[in-house]
Amino acid sequence: MARSATIACRLVEALARGAVPGDGSADNRLAEGVAVFTQLDPAQLAATRRTILSGNRLRENLVTAAVGWAEAIDQALIEGRPLPPDLEPVAEGVGPDRLDPLAAQVFARVSAHEGAPAGRSPRRLILVAGAGAVAVALVAWLVVRSLGPESSDLPFSAAGFAPACEGTVFPDAPAYKGSGPHPTVVFDTDYNVQLSGKWSTVPEIYDARNGFSGAWTSANPGEIQAVACVDLEGEPEGAIKECPYNDRSRPEPTNLPMYRGEFAVRLYEARTGRLIHEAHISGEIMKCPKMVPVGATHIYSTPSPQQYIEAIGRFVDG
């Protein structure tokens, strides 16, 4: 975790200075390298920058943002991914006893977070605070923990509610009641991207062009009342098109069949785990993903933004 904390600190410092992946500077190459290494959408870097620069608590914002990225970086290291060249010098020779003040603060906070008891009342027992299933999902929309009560037993970010899709409840979350809006975070299982089965936030919901209200995109974990889990159902049946991909191990392009994705959307109250609503949708977006993992044998069509709204919009927006 010492290496992960150090890389995360250099990242958030670069973002605070205005780093944007793609224009060639050292800061921008660092940011781009972290996004590639963690397999997260580079657009999430802009969300982190906004969080860092919001309000007047820059130091605390840097620490909080770095905590989320440190957990995602550490998960990538645990999975054995090789560090990109631009990140190797940042982590070289780093250990718990050789951390700068900012990295030491991040290291301490993550270590305390991992060591604390889960403190949740589970529908199924599952630890939330570790850097396992939560780590990849939690970076998307980082927020400042101090927005909620210091004693609150909530995740560091709205994306940290991912374990709710596995049965964990969050007693400190606000109750789902009244006429709405009801701030909700939506997760799916990255069925086309990583084949990992891990719950992660849905990037399309945070794209301003898709018109989702603030109830769908809240970054404050202290506001989240509900969690929506979009789960792929059934076995692939009846290919609807083929998508070509290049594989370096083969001279010819590889064509992968696309099947119609059938999904269950289950909306739970974060506080109690109560099932609020269940809907079923057939993915109508048939665009071939730009990249798929090595070893993928097929892909699925995906839900459109409008399908999410039709499925649970009245329960989110009120």
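Up top is the structure.
Keep in mind it's a predicted model, so treat the numbers as computed, not measured.

A.B. asks: What exactly am I supposed to notice about the overall build of the chain here?
C.D. replies: When helices and strands are counted, the chain shows nine helices and eight strands. Counting across all 318 residues of the chain, residues that qualify as buried make up 51%. Counting only contacts in the chain whose residues sit at least 6 apart along the sequence, the fraction spanning at least 24 positions is 71%. Carbon and sulfur atoms form 53% of the exposed surface of the chain, whose accessible area is close to 14,700 Å².

A.B. asks: Would you mind showing me how to read the sheet that holds strand β4 (residues 239-245) here?
C.D. replies: Hydrogen bonds between backbone groups are what pair the strands of a sheet, and the pairing can be parallel or antiparallel. Pairing within the open sheet is mixed, and its three strands lie in the order β4-β5-β8. With partners counted over all chains shown, the strands left at the sheet margins are β4 and β8 (299-300), one partner each.

A.B. asks: What should I look at first to understand the pairing of strand β6 (residues 262-269) in this one?
C.D. replies: Within a regular beta strand, the side chains point alternately toward one face of the sheet and then the other, so they alternate between its two faces. By the criterion of burial, β6 is predominantly enclosed, with six of the eight residues buried. Here seven bridges tie strand β3 (residues 226-232) to β6, and the two strands are oriented antiparallel to one another. Paired with Cys 229 across the two strands is Arg 266, which belongs to β6. From the end of β6 to the start of strand β7 (residues 275-282), which pair antiparallel, there are five residues, and Gly 273 there has a positive phi angle of about 80°.

A.B. asks: For this particular structure, what's the right way to read unusual backbone geometry?
C.D. replies: A negative phi holds for most residues other than glycine; trans holds for most peptide bonds. Residue Pro 181 follows Gly 180 across a cis peptide bond; omega there is 5°. Residue position: Pro 181 is located in the loop between α7 (133-137) and β1 (184-188).

A.B. asks: Can you walk me through the packing of helix α1 (residues 2-16) against helix α2 (residues 26-38) in this structure?
C.D. replies: Two quantities define a packed helix pair, namely the angle between the helix axes and the distance between the axes. One way to put it is that α1 packs onto α2 with a least axis distance of 9 Å and a crossing angle of 125°. Between α1 and α2, the interaxial angle falls into the category oblique. α1 and α2 meet at a crossing whose hand is left-handed. Note on element contacts: α2 touches α1 through Asp 27, Leu 30, Ala 31 and Val 34, opposite Ile 7, Arg 10, Leu 11, Ala 14 and Leu 15. When the residues that make up the contact of α1 with α2 are grouped by side-chain class, the tally is seven nonpolar, no polar and two charged.

What counts, and at which threshold
- Residues numbered from 1 in each chain as written.
- Predicted model: local features only at pLDDT ≥ 70, side-chain atom pairs only at ≥ 80, totals over all residues.
- Heavy atoms only, no water.
- Helix = DSSP H or I, 4+ residues; strand = E, 2+ residues; numbered from the N terminus.
- Buried < 20%, exposed > 50% of the residue type's maximum accessible area, 1.4 Å probe, protein only.
- Contact = heavy atoms within 4.5 Å.
- Areas by Shrake-Rupley, 256 points an atom, 1.4 Å probe, with all protein chains shown as cover.
- Pairing = 2+ DSSP bridges.
- Axes fitted to C-alpha atoms, helices over the stretch in contact; angles between N-to-C directions.
- Parallel < 35°, antiparallel > 145°, perpendicular 65-115°, else oblique.
- Left-handed = near helix turned anticlockwise from the far one by under 90°.
- Nonpolar A, V, L, I, M, F, W, Y, C, P; charged D, E, K, R; others polar.

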